[in-house]
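Each chain is listed here by its residues.
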2 protein chains.
Amino acid sequence: MTRSFQPPQRILMGPGPSDVHPRVLAAMARPTIGHLDPEFIRMMDDVKRMLQYAFRTKNEMTFVVSAPGSAGMEAAIVNMVEPEDKVVVCINGVFGGRMKSIVERCGGVAVPVEQEWGRAIDPNALEDTLKQHPDAKFVAFVHAETSTGALSDAKTLAEIAHRHNCMVIVDAVTSLGGSPLEVDRWELDVVYSGSQKCLSAPPGLSPITFNERAVAHIRNRKTPVQSWFLDVNLLMQYWGGETKRAYHHTAPINNLYGLHEALVMLEEEGIEEAWKRHAENSARLQQGLASLGMEYFVPEGERIPQLNAVKIPEGVDDAAIRSRLLNEFHLEIGAGLGPMAGKIWRIGLMGAASTTRNVLYCVSALREVLK
Amino acid sequence: MTRSFQPPQRILMGPGPSDVHPRVLAAMARPTIGHLDPEFIRMMDDVKRMLQYAFRTKNEMTFVVSAPGSAGMEAAIVNMVEPEDKVVVCINGVFGGRMKSIVERCGGVAVPVEQEWGRAIDPNALEDTLKQHPDAKFVAFVHAETSTGALSDAKTLAEIAHRHNCMVIVDAVTSLGGSPLEVDRWELDVVYSGSQKCLSAPPGLSPITFNERAVAHIRNRKTPVQSWFLDVNLLMQYWGGETKRAYHHTAPINNLYGLHEALVMLEEEGIEEAWKRHAENSARLQQGLASLGMEYFVPEGERIPQLNAVKIPEGVDDAAIRSRLLNEFHLEIGAGLGPMAGKIWRIGLMGAASTTRNVLYCVSALREVLK
C-alpha cells in the first residue's frame with residue numbers, strides 16, 4: 001500500500017516555486033465548490049480585479065489560464081499569431097527560445113534577435129531587426145529572463161515595437177509582483193505570468209491580460225485558434241464581464257482559492273511596497289554574496305532583483321553543494337538551465353520567500369557549505 | 001480591501017467537481033516543494049504507479065497533464081493526429097463534439113458518427129462508417145458522456161476500430177474510478193481522464209495513458225506536435241522512467257499532492273470495490289427517483305452509474321429548483337448542457353460523493369422542493 005505523501009519543509013530560494021505563505025496553503029484546503037457556483041463566480045471577479053491591480057491595467061480581458069506559466073506563454077502566442085505571421089522574438093535565455101518554438105509550432109515565422117545570455121535585450125538590436133523586417137506583426141520578449149537573471153527594459157522595447165507597428169507579447173512570469181511592471185503605462189498588448197513566482201501561490205496557474213487592441217485582433221482572426229483549451233474567444237464566455245457565464249472547461253477551483261488569497265495579501269501590502277521589499281532584500285543578498293567573494297552573472301543595472309544569478313565559484317562541485325544545501329539546510333537554490341548548467345546558481349527571493357531572514361540564512365548556509 | 005474567500009460548504013452531486021474528501025483537502029495544503037526536488041520525483045513515481053492501477057494498465061507512458069480534463073483531451077488528440085489524418089469521431093453529446101473540434105483544429109479530417117443524444121454509441125454505426133472510410137487512422141469516442149449520462153461499450157468499439165486498423169482515443173473523464181475501465185484488456189491506445197470526477201481530487205489535472213503503439217506513433221510523427229505545452233515527446237523527459245528528470249514546465253505541486261492522496265484512498269478501497277460502490281449507490285438513487293415519479297433520460301443498460309441524467313418533470317422551473325437546492329440545501333446538481341439545457345438534470349454520485357447518505361439526502365431534498 002502506498003502511504004500518504006508528507007513533503008519535507010523546504011525554504012524555496014530557487015527560480016520558483018517560491019515559498020507559499022501559510023495563509024495561501026490554508027486557502028488551498030478550503031472545500032471545493034462548483035465552477036459555476038454563484039459564490040465561485042464572485043470569487044473569480046475578485047481575482048480578476050486584483051490581477052488588474054497587480055498588472056497595473058484596466059484591461060477587461062484579464063484572467064487566469066488554468067495551467068502553468070508555459071501554458072500562459074502558449075495562450076498568448078496561439079491567440080495572437082496566425083500562420084505566416086512574422087514575429088520578432090528577442091532571445092537572451094531559455095524562455096525566449098521557448099517563445100520562438102511556440103511561434104513556429106503555430107505556423108508563424110520567427111525572426112530572432114539574439115542576445116548574449118545574461119544580458120538585457122539590446123533595444124538597438126531590436127530596432128535594427130524591425131527595420132529589416134517591416135512586415136513583422138509582433139515583437140515577443142521576456143521581461144525577466146528566469147534562466148539567466150537578466151531584466152530587460154520592457155517600456156523601451158514596447159515603444160520601439162509600436163513605432164514599427166508591431167504589437168508586443170511579454171513574458172512577465174518572474175517579474176509580476178516583484179519588480180515594476182506597468183501594463184497600461186507601457187502599453188503592453190499581451191502579458192502573461194505565473195502563480196508560483198512573486199505572487200507566491202502554488203504553481204499551476206497563469207495570470208494573463210490582453211488589451212483592447214489585442215482582443216480586437218483575436219476577434220478578427222482569419223483562422224481558428226489552434227488550441228481549443230486556450231482559445232480566448234471561448235474563454236471570454238467563462239471569464240467575461242457578463243453575469244451569465246458559460247461552461248468552457250472545469251476551472252482548478254482550489255488553485256484559484258490559493259491565488260485569491262495570495263492576491264489579497266499583495267493588496268494588503270501594496271504593489272509598490274512589494275516591489276520595494278524585493279529590491280531591498282536583493283540588495284542585502286548582494287552584499288552577503290559579495291562578502292563570500294561570489295560574483296553576479298549579470299552586469300549591474302540589468303539584474304532581476306528577485307532572481308539573483310551568480311557564478312559558481314571555481315573548483316566547486318555544483319550538484320554536491322546544492323544537495324548539501326537541500327539535505328542539511330532544507331534550502332533549495334536553482335541550478336543553471338540548459339547551457340548555463342554547472343555555470344551559475346539562481347537564488348530567488350520571490351514573494352513570501354523575499355525576507356531578511358531568508359537572505360541571512362542563505363548567506364550563512366552558503367558560507368558553511370563553501371568553506 | 002478584498003477579503004479572504006471562505007467558500008460555502010456544498011454537497012457536490014453535479015457532473016463534477018465531486019465532493020473532495022477532507023484527507024485530500026488536507027494534502028492540498030501541505031508545504032510546496034520544488035518540482036525537481038528528489039522527494040517530489042518520488043511522489044510523482046507513486047502517482048504514476050497508482051494511476052496504472054486505476055487505469056488497469058502497465059503502460060509506461062502514464063502520467064498527469066498539468067491542466068484540466070479538456071487539456072487532457074487536447075493532449076491526446078494533438079499528439080496522435082497529424083494534418084490530413086482522418087479521424088472517425090463518435091458523437092453522442094457535448095464532449096464528442098469537442099473532440100471533433102480539436103481534431104479539426106489540428107488539421108485532421110473528422111468523420112462523425114452521429115448518435116442520438118442520451119444513447120450509447122451504436123457499434124454497427126461505427127463499423128459502417130469505418131467501411132466507408134478505409135483510410136481512417138483513428139477512432140475517438142467518449143466512454144461516459146458527461147453531458148447526457150450515456151455509457152458506451154468501450155471494449156466493443158475498440159475491437160471494431162482495431163479490426164479496421166485504427167487506434168482509439170478514449171475520453172474516460174467520468175468513467176475512471178467509477179465504472180469498469182480496462183485499458184490493457186480492452187487494448188485502448190490513448191485514454192485520458194480528469195481529477196475531479198470519480199477520483200474526487202480537486203479539478204485541474206488530467207491523468208492520461210498511452211500504450212506502446214501510441215508512443216511509437218508519436219515518436220514517428222512527420223510533423224511536430226502543434227502544442228509545446230502538451231507535447232508528449234517533451235513531457236517524457238519529466239515524467240519518464242529515468243532517474244534524471246529534465247525541466248519542462250513547473251508542475252502544479254499541491255494539486256499533485258491532492259491527487260496522490262485521492263489515489264492512496266482508491267488503493268485502500270480497491271478499484272473493484274469502488275466500481276461496486278458506485279453501482280450500488282446509483283441503484284439506490286434510481287429507486288429513490290422512481291419513488292418521486294422521475295424518469296431517466298438514458299435507457300436502462302446504457303446508463304453511467306455515477307452520473308444519473310433524469311428528465312426535468314413537466315411544469316417544473318429548472319433554474320428555480322436548482323437555486324433552491326443550492327441555497328436551502330447546499331446541494332449542487334447539474335443542469336443540462338447545450339441542447340440538453342432545461343430538459344435534464346444530471347445527478348452525480350462520484351468518488352467521495354457516492355455515499356448512501358448523499359443518495360438519501362438528495363432524494364429527500366428533491367421531494368421537498370418538487371412538492
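Cut-offs used in this document
Residues numbered from 1 in each chain as written. Chains lettered and ligands numbered in written order. Predicted model: local features only at pLDDT ≥ 70, side-chain atom pairs only at ≥ 80, totals over all residues. Helix = DSSP H or I, 4+ residues; strand = E, 2+ residues; numbered from the N terminus. Rg over C-alpha atoms; globule rule 2.2 N^0.38 Å. Contact = placed C-beta atoms within 7 Å. Pairing = 2+ DSSP bridges. Axes fitted to C-alpha atoms, helices over the stretch in contact; angles between N-to-C directions. Nonpolar A, V, L, I, M, F, W, Y, C, P; charged D, E, K, R; others polar. Buried ≥ 20, exposed ≤ 12 C-beta atoms within 10 Å, placed from the backbone. Domains from an automatic or database assignment. Arc of directions from axis to C-beta. Least-squares fit on C-alpha atoms with pLDDT ≥ 70 in both. Parallel < 35°, antiparallel > 145°, perpendicular 65-115°, else oblique. Left-handed = near helix turned anticlockwise from the far one by under 90°. Core = buried A, V, L, I, M, F, W, Y, C linked by C-beta atoms within 7 Å.

Turning next to the overall build of chain A. On a plain count of helices and strands, chain A comes out with twelve helices and 13 strands. Relative to the globule expectation of 21 Å for 371 residues, the C-alpha radius of gyration of chain A, 20 Å, shows essentially globular dimensions. Referenced to the eigenvectors of the C-alpha coordinate spread, the extents of chain A come out at roughly 60 × 55 × 45 Å. Expressed as a percentage of contacts within chain A between residues at least 6 apart in sequence, the contacts between residues at least 24 apart total 73%.

Residue and element names in this part refer to chain A. Read from one edge to the other, the open sheet built from seven strands follows the order β2-β10-β9-β8-β5-β3-β4, with strand pairing classed as mixed. Lying at the two open borders of the sheet, with one neighbouring strand each, are β2 (61-65) and β4 (109-114). In this sheet, adjacent strand axes meet at a mean angle of 15 degrees when their direction is disregarded. Sheet topology note: the strand β9 (residues 190-192)/strand β10 (residues 206-210) ladder contains three bridges and is antiparallel. Across the sheet, Y192 pairs through a bridge with I208, a residue of β10. Packing of helix α3 (residues 69-80) onto the sheet brings it into contact with β2, β5 (138-142), β8 (167-171), β9 and β10, and relative to β9 it is tilted by some 165 degrees.

Moving on to the interface of chain B and chain A. Contact residues are listed per partner, giving 67 residues for chain B and 66 residues for chain A. Counting residues per element, the ones that place at least two in the side of chain B that touches chain A are α1 (22-28), α2 (38-55), α3 (69-80), α4 (94-105) and α9 (253-269) of chain B. Counting residues per element, the side of chain B that touches chain A draws most heavily on α9(B), at nine residues. Residue composition of the side of chain B that touches chain A, grouped by class: 33 nonpolar, 22 polar and twelve charged.

Burial of strand β13 (residues 344-348) of chain B is extensive: five of the five residues sit out of reach of the surface. Burial of β13(B) is two-sided: the residues B:I344, B:R346 and B:G348 facing one way and the residues B:W345 and B:I347 facing the other way are all buried.

All names here are of chain A. According to the domain assignment, chain A contains domain 1 (11-17 + 271-370) and domain 2 (22-267). Placing a centre on the C-alpha atoms of domain 1 and another on those of domain 2 gives a separation of 26 Å. In this complex, domain 1 contributes 25 residues to the contact, which on the side of domain 2 involves 28 residues. Mapped by element, the contributors of at least two residues to the side of domain 1 that touches domain 2 are α10 (271-291) and β11 (307-311).

Before going further, it helps to examine helix α6 (residues 154-163) of chain B. Residue and element names in this part refer to chain B. Taken as a whole, α6 has its buried residues at A154, L157, A158 and A161. Along the long axis of α6, the arc covered by the buried residues comes to 100 degrees, so they all point the same way. Buried residues in α6 make contact with α5 (123-132), β5 (138-142) and β8 (167-171). At the C-terminal side of α6, N165 shows a positive phi close to 60 degrees.

Our focus in this paragraph is unusual backbone geometry. Residue and element names in this part refer to chain A. Of note, the amide linkage connecting G16 to P17 takes the cis form, showing an omega dihedral of 5 degrees. Considering the arrangement of structural elements, one finds P17 in the loop between β1 (11-13) and α1 (22-28). In the Ramachandran plot, E187 falls in the positive-phi region, its phi being about 55 degrees despite a non-glycine side chain. Inspection of the secondary structure puts E187 in the loop between β8 and β9.

Sheet topology places β11(A) next to strand β13 (residues 344-348) of chain A; five bridges connect them, and they run antiparallel. Bridging across to β13(A), A:A309 finds its partner in A:R346.

Right, let's get into the relation of the copies chain B and chain A. Laying chain B over chain A is done by rotating through 180 degrees and shifting 0.0 Å along the axis; what remains is an RMSD of 0.0 Å. This pairing of chains is accounted for by a two-fold axis. Looking at the interface residues of chain B, 99% of them are also at the interface in chain A, so both copies use one shared face.

Residues and elements named next belong to chain B. Direction vectors running N to C along α2 and α9 enclose 45 degrees, while the axes themselves pass 9 Å from each other. One element, α2, and the other, α9, form an angle in the oblique class. With respect to the hand of their crossing, α2 and α9 are arranged in left-handed fashion. Between α2 and α9, the residues in contact are F40, M43, D46, V47, M50, L51, Y53 and A54 and I253, L256, L259, H260, L263, L266 and E267, respectively. A class-by-class count of the residues in the contact of α2 with α9 yields twelve nonpolar, one polar and two charged.

Let us now look at the nonpolar core. A:I77 and B:I77 are the most contacted members of the largest nonpolar core, which has 251 residues in total. Once you skip the residues sitting within four places of it in the chain, B:I77 turns out to touch B:M99, B:I102, B:V103, B:C106 and B:I169.

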